[in-house]
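# Coordinates in review
So the chains spell out like this:
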Amino acid sequence: VDLLLLIFSRLYILDITMNCNSTASHSFKYVAGAQNAWDMLSEEQSQKHITTGSGDLNGILGGGIHCKEVTEIGGVPGIGKTQLGIQLAINVQIPVDYGGLGGKAIYIDTEGSFMVERVYQIAEGCISDIMEYFPCHHDKSSSGQENLQPESFLAGIYYFRICSYTEQIAVINYLEKFLGEHKDVRIVIIDSVTFHFRQDFDDLALRTRVLCGLSLKLMKLSKSYNLAVVLLNQVTTKFTEGSFQLTLALGDSWSHSCTNRLILYWKGNERCAYLDKSPSLPVASTPYAVTSKGVRDAGSSSCKRVRVM
Amino acid sequence: MANKLVSDMCLPPHLAHLLAARRLTTAKDVLSLPEVELMSLLDAGLATARDAVCRVSEFACPPCQTALALLEERVRLGGGGRLATTLCGLDEALGGGIPLGKLTEVVGPSGIGKTQFCLKLALLATLPECYGGLNGRVVYIDTESKFSSRRMIEIGQKSFPQIFRQEGLAQKMAGRILVMRPASLSDFTKSLEQMKVTLLQNDVKLLIVDSVAAFMSSENERGTTGFTQHPLRWALSFLKSIAELTRIPVVVSNQVRSQSNDDGYHYSFEVKRRGDGDGAERLESHLVAALGIQWAHAVTIRLVFESHSGQRFIKVAKSPMSPAVAFPFIVESSGITLLNDEGIDVSGPEITSIRCQGQNLLGLLPFENRG
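- As recorded by an unreviewed UniProt entry, chain A carries the name DNA repair protein RAD51 homolog 3 and is attributed to Aegilops tauschii subsp. strangulata.
- What UniProt records for chain A under Function (unreviewed entry) is the sentence "Involved in the homologous recombination repair (HRR) pathway of double-stranded DNA breaks arising during DNA replication or induced by DNA-damaging agents."
- Word for word, the UniProt comment on chain A under Subcellular location (unreviewed entry) is "Nucleus".

Written out as structure tokens, the structure reads:
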């Protein structure tokens, strides 16, 4: 009873001080660091999204990959997860004049599937699409055109090659300091978050706890530095509903850690993406394609194979 | 990086003592624990634990490079970072050939030509650079006793007659190929370990493992623990890391097995929609690559050797550089030859399926003599 009285008296004092203070604004802000929902809404509406390259895919994602959120993308081997990761690392750098974020990317590679010639090819494809949609722009700003070179896009990707889960944990911890020094980074891509944790971690319970800690850190980074975090995940089989089905790896508790989840799969001869989890958007699926220029809408006319020198 | 010693990290003395007292000597020890557990282990406050983790992470983190620096390095090292297979269509599809520093898998039913492919690659790597080779040694791990030096010399003589006519060259080339024949899984892991030193010291330019699935029985693989607990898991990490460290191509050949009920094919959101489509799909492609889906994720490039419609095909099933494309081929006295350099585009479930129809491959000789 004493404790309750103490709490009530403190609340009473708090109430009085609040009434004295909040004369101008009606904002409801008791706790430091909290935001009210109205402020958040106006912030969300002014938030830019990172385009994936495919209009349909952007559509089911509500405009693209959201900043301040963690998005998980999973699929079978060869479906194009790395392609999408590279496409996002390029697209985040699209200058603000052309509708992009003009930011840089951090690419954390755990599997070694980052092939730099393909990144160059995708950068070229992105630039050629920009030139196509904004034909008069580059006449006005001659300095802007100099920046639209594939080399400058490649220079804007910070690449870490991770060879063990210890390094993976270390790099995520180190990101806080790195992001403090490089404030123009707007996306962090981890390709893939699963590999080392499936390989080398023997104690599964400890693995779950470590992964939980990592995902919390990533969420915190995304919110405090206003960037998008994209985690690429592998698939595994799970026995549910009487048969073996495909599901994303790392277990059930990990599946709670991400804000959004996108599953890439084959539907007949087409690649499709299924939005499995999102706080504000309905589940939906849409086809997309991977072309020589990168990720685009399904049925786009760009030729599929181009010789890479 | 994971094994970096805490004592080398120049931490402030009180932290260094604290970590040493609890026997946390490497970066791995410190970072494997969640912060709260570290806090209780060190018997210190959260701030101290966080500080320790922060400093250790900074030291254990690998250096950062921009993608542009990677490209420039690739250009500087020259050679396009590839080992050309001399199969023009395949080389073009792969951006020049088998990539250096990555794991390439060759998978297909038995008797289709995987070993022929590996023999030719082994030969190519020993050739001088003016002939498109890597001018180095090759380590060939032969788990199924399929390596035939007579056959390899024959391939060499028929493919590069001008080189092999020279005196003693055949001996020199063959002398650069080191063949190991582990008899069991433990021999295999032991020879891999020993090879680490050989690879780093000598001029080894190619590592071939033919085949990695030999020691796996189907019971091993289909156990509920699957690949995670299997001893080959270590071999996989080793092969990938040695490939990257030494920047050599590592080619691994894999077997196939028949599909089982344990293989999942659809996600839960798909299953509800499919009615009886399952049966038809399963009958079409009754073979899958051995070693499971985790292995499939881990390899960078997957070349599927299959046969259907009376022909054999090499299919690029997984590659970060190119879409799926299949090339028909035959096996001749000079090794594998593509019948068509343009290739056929492949999409959908055909990419990952492995077909073995229309030929009694087990009854065929390793090559068909063509005059």
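## Description of the overall build of chain A
- Tallying secondary structure elements over chain A gives 12 helices and 13 strands in all.
- In chain A, buried positions account for 51% of the 309 residues.
- The long-range fraction of contacts in chain A, counting pairs at least 24 apart against all pairs at least 6 apart in sequence, stands at 67%.
- Summing over all exposed atoms, chain A offers an accessible surface of approximately 14,000 Å²; the carbon and sulfur share of this is 57%.

## Comments concerning the overall build of chain B
- Each helix and strand in chain B was counted, giving 16 helices and 15 strands.
- Out of the 371 residues in chain B, the part that is buried amounts to 53%.
- Counting contacts in chain B only where the partners sit at least 6 residues apart, residues at least 24 apart contribute 68% of the total.
- In the structure as shown, chain B presents an accessible area of about 16,300 Å², 52% of it carried by carbon and sulfur atoms.

## Details of the environment of alanine 213 of chain B
Residue and element names in this part refer to chain B.
- The residue alanine 213 is located in the loop between strand E7 (204–210) and helix H12 (218–222) in this model.
- For alanine 213, a relative accessible area of 2% translates into the label buried.
- Once the C-alpha coordinates of alanine 213 and alanine 20 are considered, the two residues, 193 residues apart in sequence, prove to be 43 Å apart.
- Excluding anything up to four places from it in sequence, alanine 213 contacts Ser253, Asn254, Gln255, Ala290 and Leu291.

## Describing the layout of surface pockets
- Estimated volume of the second largest pocket: approximately 1,400 Å³.
- In this structure, the second largest pocket is lined by 45 residues; those nearest its centre are Arg161 and Cys163 of chain A together with Ser241, Glu244 and Leu245 of chain B.
- When residues of the lining of the second largest pocket are traced back to their parent elements, those giving at least two are strand E5 (157–161), helix H9 (165–181) and helix H10 (195–199) of chain A together with helix H5 (67–77), helix H11 (185–201) and helix H13 (232–246) of chain B.
- Of all the elements, H13 of chain B adds the most residues to the lining of the second largest pocket, at nine residues.
- Residues of the lining of the second largest pocket, tallied by class, amount to 19 nonpolar, 11 polar and 15 charged.

## Regarding the nonpolar core
- Judged by nonpolar contacts, the single largest core of 70 residues is most densely connected at Ile90, Phe114, Ile187 and Leu262 of chain A.
- Examining the composition of this core, we find that seven residues originate from one element, helix H5 (residues 116–133) of chain A, more than from any other.
- Non-local contacts of leucine 262 of chain A, meaning those with residues more than four positions away in its chain, are made with Leu57, Ile60, Leu61, Glu72, Ile73, Gly74, Leu84, Ala273, Tyr274 and Leu275 of chain A.
- In this structure, Phe160, Trp254 and Cys258 of chain A together with Leu19 of chain B belong to the second largest nonpolar core, which totals 50 residues.

## Some words on the interface of chain B and chain A
- Every contact between the two is made by 67 residues of chain B and, on the other side, 65 residues of chain A.
- Here chain B packs against chain A, burying approximately 6,100 Å² in sum over the two surfaces, 59% of which is carbon and sulfur.
- Three residues stand out in chain B for area buried against chain A, namely Tyr267, His297 and Met321 of chain B, and they jointly supply 12% of the buried area on that side.
- On inspection of chain B and its partner chain A, the count reaches six salt bridges.

## Brief notes about the packing of H9 of chain A against helix H11 (residues 204–224) of chain A
Residue and element names in this part refer to chain A.
- In contact at an axis separation of 10 Å, H9 and H11 are set at 15° when each is read in the N-to-C sense. Put simply, H9 runs roughly parallel to H11. Relative to H11, H9 is oriented so that their crossing is left-handed. Contacts between H9 and H11 pair Ile169, Ile172, Asn173, Leu175, Glu176 and Leu179 from the former with Val210, Leu214, Lys217, Leu218, Lys220 and Leu221 from the latter.
- Looking at the contact of H9 with H11, its residues break down into eight nonpolar, one polar and three charged.

## Examining the packing of aromatic side chains
- In this structure the tally under the stated criterion is 10 aromatic pairs over all chains.
- Summarising the aromatic geometry, the rings of tyrosine 165 of chain A and phenylalanine 197 of chain A are spaced 6.0 Å apart at their centres and angled 40° between planes, so their arrangement reads as tilted. Here the residue tyrosine 165 of chain A occupies a position in helix H9, and phenylalanine 197 of chain A occupies one in helix H10, the gap between them amounting to 32 residues.
- Against the face of phenylalanine 195 of chain A rests lysine 240 of chain B, its NZ or CZ located 4.7 Å from the ring centre.

## Quick notes on the sheet that holds strand E6 (residues 185–191) of chain A
- Spatial strand order, E13(A)-E12(A)-E11(A)-E10(A)-E3(A)-E7(A)-E6(A)-E4(A)-E5(A)-E1(B): 10 strands in an open sheet with mixed pairing. Every other strand in the sheet has two partners, leaving strand E13 (294–297) of chain A together with strand E1 (65–66) of chain B as the edge strands with one partner each.
- Packing against the sheet, H5 of chain A makes contact with E5, strand E12 (284–291) and E13 of chain A, and its axis sits at approximately 40° to E13 of chain A.

## Observations concerning the pattern of salt bridges
- Summed over the entire model, instances satisfying the criterion amount to 19 salt bridges over all chains.
- Lysine 217 of chain A serves as the salt-bridge partner of glutamate 35 of chain B, at 3.7 Å between the closest nitrogen and oxygen. Here glutamate 35 of chain B, found in helix H3 (residues 35–42), pairs with lysine 217 of chain A, found in helix H11, and the two come from separate chains.
- Using a relative accessible area of 28% as the deciding quantity, one classes lysine 217 of chain A as partly exposed.
- What you see here is one network of salt bridges that share partners, running through Glu72, Arg261 and Asp276 of chain A.

## Focus: helix H4 (residues 46–60) of chain B
- Taking 1.5 Å per residue, 15 residues should reach 21 Å; H4 of chain B reaches 21 Å between its end C-alpha atoms and fits that length.
- Buried-residue contacts for H4 of chain B involve H9 of chain A together with helix H1 (13–21), helix H2 (27–31) and H3 of chain B.

## Examining the side chain of threonine 82 of chain A
All names here are of chain A.
- Position of threonine 82 relative to the elements: it lies in helix H4 (residues 81–91).
- According to the relative accessible area criterion, threonine 82 is buried, its value standing at 13%.
- There is a polar contact of 3.1 Å between the side chain of threonine 82 and the side chain of aspartate 191.
- Threonine 82 has contacts with Tyr107, Ser113, Asp191 and Leu232, leaving out every residue within four places of it along the chain.

The rules behind the values
- Residues numbered from 1 in each chain as written.
- Chains lettered and ligands numbered in written order.
- Predicted model: local features only at pLDDT ≥ 70, side-chain atom pairs only at ≥ 80, totals over all residues.
- Heavy atoms only, no water.
- UniProt positions renumbered as here; feature names shortened; annotations may be inferred.
- Helix = DSSP H or I, 4+ residues; strand = E, 2+ residues; numbered from the N terminus.
- Buried < 20%, exposed > 50% of the residue type's maximum accessible area, 1.4 Å probe, protein only.
- Contact = heavy atoms within 4.5 Å.
- Areas by Shrake-Rupley, 256 points an atom, 1.4 Å probe, with all protein chains shown as cover.
- 1 Å grid on protein atoms, 1.4 Å probe; cavity = no way out; pocket = protein on both sides within 12 Å on 5 of 7 lines; lining within 4 Å.
- Points joined across faces, edges and corners; volume = space filled by probe spheres on them.
- Nonpolar A, V, L, I, M, F, W, Y, C, P; charged D, E, K, R; others polar.
- Core = buried A, V, L, I, M, F, W, Y, C linked by side-chain atoms within 4.5 Å.
- Buried area = accessible area lost by both parts, 1.4 Å probe.
- Salt bridge = Lys/Arg side-chain N within 4 Å of Asp/Glu carboxyl O.
- Axes fitted to C-alpha atoms, helices over the stretch in contact; angles between N-to-C directions.
- Parallel < 35°, antiparallel > 145°, perpendicular 65-115°, else oblique.
- Left-handed = near helix turned anticlockwise from the far one by under 90°.
- Phe/Tyr/Trp six-rings, centres within 6.5 Å; stacked < 30°, edge-to-face > 60°.
- Lys NZ or Arg CZ within 6 Å of the ring centre and 35° of its normal.
- Pairing = 2+ DSSP bridges.
- Expected span 1.5 Å × (residues − 1).
- Polar contact = N/O pair within 3.5 Å; in protein donor to acceptor, adjacent residues only side chain to side chain.

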